[in-house]
Amino acid sequence: MQKTAALIVVDLQPDFCPGGALAVPGGDEIVPLVNKLAQNFETVVLTQDWHPADHVSFAANHPGQAPFGMIDLPYGPQVLWPTHCVMESPGAALHPGLHIPHASAIIRKGSHRNVDSYSAFLEADRATRTGLDGYLTSRGVTDLYICGLALDFCVAWTAEDARGFGFNATIIEDACRAIDLNGSLAAAWARLAKAGVKPITSPGLT
Ligand code: VGL
Ligand code: ZN
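Criteria and cut-off values
- Residues numbered from 1 in each chain as written.
- Chains lettered and ligands numbered in written order.
- Predicted model: local features only at pLDDT ≥ 70, side-chain atom pairs only at ≥ 80, totals over all residues.
- Heavy atoms only, no water.
- Helix = DSSP H or I, 4+ residues; strand = E, 2+ residues; numbered from the N terminus.
- Buried < 20%, exposed > 50% of the residue type's maximum accessible area, 1.4 Å probe, protein only.
- Contact = heavy atoms within 4.5 Å.
- Areas by Shrake-Rupley, 256 points an atom, 1.4 Å probe, with all protein chains shown as cover.
- Donors = N, O, S within 2.8 Å, 3.2 Å for Na, K, Ca; no water.
- Tetrahedral: all angles 85-135°; square planar, octahedral: opposite > 155°, others 65-115°.
- Near = heavy atom within 4 Å.
- Polar contact = N/O pair within 3.5 Å; in protein donor to acceptor, adjacent residues only side chain to side chain.
- Nonpolar A, V, L, I, M, F, W, Y, C, P; charged D, E, K, R; others polar.
- Expected span 1.5 Å × (residues − 1).
- Arc of directions from axis to C-beta.

**Student:** Got a minute to help me understand the overall build of the chain in this structure?
**Tutor:** Within the chain one finds four helices and eight strands. Starting at the N terminus, the α and β elements of the chain follow one another as β-α-β-β-β-β-α-β-α-β-α-β. Going through the 206 residues of the chain one by one, you find that 51% of them count as buried. Look at the contacts in the chain between residues 6 or more apart in sequence, and 73% of them connect residues 24 or more apart. In the structure as shown, the chain presents an accessible area of about 8900 Å², 55% of it carried by carbon and sulfur atoms.

See below:
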């Protein structure tokens, strides 16, 4: 892979894997493939979903609401999730099977109590930046390859925002798993196609 390409590994954390608080079916199955793919990239960025215990996206913080319901927040509709990826808890760690020693940055997102952040670039208020765009640009990166969890939420939002910041963006489909809540996977692919995000499978990469 050229020096201008980077791999973004989204939210590969125990809470998104079977047995975790917000388990994505088959989430842990992608770990060996992600480790292998990372060897092709000089720049690898890992992300961690990283919430305070009183985070606005947790159903438990809204009396009378149940997980997977919806509420309206000042920045728009918000899915209410089971409590997950509480900062410094074991479920919020990087997956113990991840072995990417040359990964050069870790972006933690969703740590502001009143704002969720599926995207690794922009929080859900669509205004607060994580700084990832500047990090990548200052390293001369123009092409992003994105994998991880969950395909229809954090991977999709990260890929869409990557396009918005002017990067070429490709999702490595077999190195992702999806939640698929109320048709969210099909809806995500429709938005991604519109944004110019390309899907690829890992054999097409090398
Ligand atoms: C995610 C729901 C809530 C994700 C994070 O990583 O896709 N989904 N927080
Ligand atoms: Zn979250």
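Resuming the write-up.
**Student:** Just checking my understanding: could you explain the coordination of the zinc ion (ligand 2) for this structure?
**Tutor:** For a metal bound by four donors in tetrahedral geometry, the ideal donor-metal-donor angle is 109.5 degrees, whereas six donors in octahedral geometry ideally sit at 90 or 180 degrees. Taken together, the protein donors to the zinc ion (ligand 2) comprise Asp49 (OD), His51 (NE2) and His84 (NE2), at separations of 2.0 to 2.2 Å. What the four donor atoms of the zinc ion (ligand 2) show is an angle range of 86 to 170° at the metal, which sorts the shape as irregular. All donors to the zinc ion (ligand 2) come from one chain, and their sequence spacing reads D-x1-H-x32-H. Each member of the pair, Asp49 as well as His51, is classed as buried.

**Student:** Looking at this structure, I do not really get unusual backbone geometry. What am I missing?
**Tutor:** Negative phi is the rule for most residues except glycine; trans is the rule for most peptide bonds. With omega at -20°, the peptide bond leading from Leu149 into Ala150 counts as cis. Counting through the fold element by element, Ala150 comes out in the loop between strand E6 (143–149) and helix H3 (151–164). Located in the positive-phi region is Glu88, a residue other than glycine, with phi close to 75°. Residue Glu88 is classed as exposed on the basis of its relative accessible area, which comes to 74%.

**Student:** Looking at this structure, I do not really get the site of ligand 1. What am I missing?
**Tutor:** In the region of ligand 1, the neighbouring residues are Asp11, Phe16, Leu22, Asp49, Trp81, His84, Tyr118, Leu149, Ala150, Phe153 and Cys154. For ligand 1, an oxygen atom lies 3.4 Å from a polar atom in the backbone of Leu149. When the free accessible area of ligand 1 is taken as 260 Å², the share hidden by the protein chains comes to 100%. For the shell around ligand 1, a count of residues per class yields eight nonpolar, one polar and two charged.

**Student:** When you look at the side chain of Thr43 in this model, what are you seeing that I'm missing?
**Tutor:** By the secondary structure assignment, Thr43 is in strand E2 (residues 43–49). Residue Thr43 is classed as buried on the basis of its relative accessible area of 4%. Here Thr43 is in contact with Ala5, Ala6, Leu7, Ser104, Leu136, Arg139 and Val141, once residues within four sequence places are set aside.

**Student:** Before we go on, may I ask you to explain the side chain of His55 in this structure?
**Tutor:** Residue position: His55 is located in the loop between E2 and strand E3 (70–73). For His55, the side chain forms a polar contact with the side chain of Ser57, separated by 2.8 Å.

**Student:** I keep staring at helix H4 (residues 184–195) and nothing clicks. Help me out?
**Tutor:** An α-helical segment advances 3.6 residues per turn. Residues three or four places apart therefore align on the same side. The end-to-end C-alpha separation of H4 is 16 Å, in line with the 16 Å expected for 12 residues at 1.5 Å each. Of all the positions in H4, only Ser184, Ala188 and Leu192 are classed as buried. For H4, the angular spread of the buried residues around the axis is 70°, confining them to a single face. Exposed side of H4, more than 90 degrees from the buried face: Ala186, Ala193 and Lys194 are the residues found there. Against the buried residues of H4 lie H3 and strand E7 (168–177).

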